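Breakdown of the fold
What follows is each chain in one-letter form.
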Amino acid sequence: GTGGDGFTAEAVARAQDQTPGWDWTVLSRSLGTWHQDPSSVLLTADVAILHPGQNSLAEVAAMRVPALVVPAPRPFDEQHVTADAVADGWPAVVAGSVPETGWSDLLDRARSLDGDGWAGWCDGGAPRRIARVVRGVMPSELAA
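Residues numbered from 1 in each chain as written. Predicted model: local features only at pLDDT ≥ 70, side-chain atom pairs only at ≥ 80, totals over all residues. Heavy atoms only, no water.

The next point concerns the overall build of the chain. Scanning the chain from N- to C-terminus turns up seven helices and three strands. Order of helices (α) and strands (β) in the chain, N terminus to C terminus: α-α-β-α-β-α-β-α-α-α. Taken along the three principal axes of its C-alpha coordinates, the chain extends 60 × 35 × 30 Å. When burial is assessed residue by residue, the chain has 31% of its 144 residues classed as buried. Relative to all contacts within the chain whose residues are 6 or more apart in sequence, the contacts with residues 24 or more apart total 57%. Within the structure as shown, the chain displays about 8,600 Å² of accessible surface, and the carbon and sulfur contribution to it stands at 53%. Mean positive and mean negative side-chain charge positions of the chain (10 and 18 charges, respectively) differ by 8 Å. (Helix = DSSP H or I, 4+ residues; strand = E, 2+ residues; numbered from the N terminus. Buried < 20%, exposed > 50% of the residue type's maximum accessible area, 1.4 Å probe, protein only. Contact = heavy atoms within 4.5 Å. Areas by Shrake-Rupley, 256 points an atom, 1.4 Å probe, with all protein chains shown as cover. Lys, Arg positive; Asp, Glu negative; His and termini not counted. Charge placed at Lys NZ, Arg CZ, Asp CG, Glu CD.)

Below, the structure written as structure tokens:
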């Protein structure tokens, strides 16, 4: 993400200090290293920590990574609503805000979840489905 929320440099440093034995990769323009394709990092992650925006959740679900979800304040509370939905049976631990303490426990709880549980959120079939749609609307001479 690009900041504007509770994941300040100080909050990230505090979380890292509380979690010896965890290696952190921060995917953020303002706080860490920006990656055009975060999937390469997520593929090797034990846990993803994220705000529950649709793109972030889609990436985590597609990569089948358990998550620690921290909703950011938004004008229409959409991230809190999404966090409530994610808390209901998905492989995620939800924190109401960026924690001051307790990071080790939160990460351990998230890591114990089975990331394959995201299959109901993102079944992996979207590329095939969109290819069928595109072929269906293409002129027949281009579809061959």
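Taken together, Ile130, Val133, Val134 and Val137 make up a surface patch of nonpolar side chains, about 370 Å² in accessible area. If you trace the backbone, Ile130 turns up in helix 6 (residues 126-137). (Patch = residues over 30% accessible without salt bridge, like charges linked within 9 Å, V, L, I, M, F, W, Y side chains within 5 Å. Salt bridge = Lys/Arg side-chain N within 4 Å of Asp/Glu carboxyl O.)

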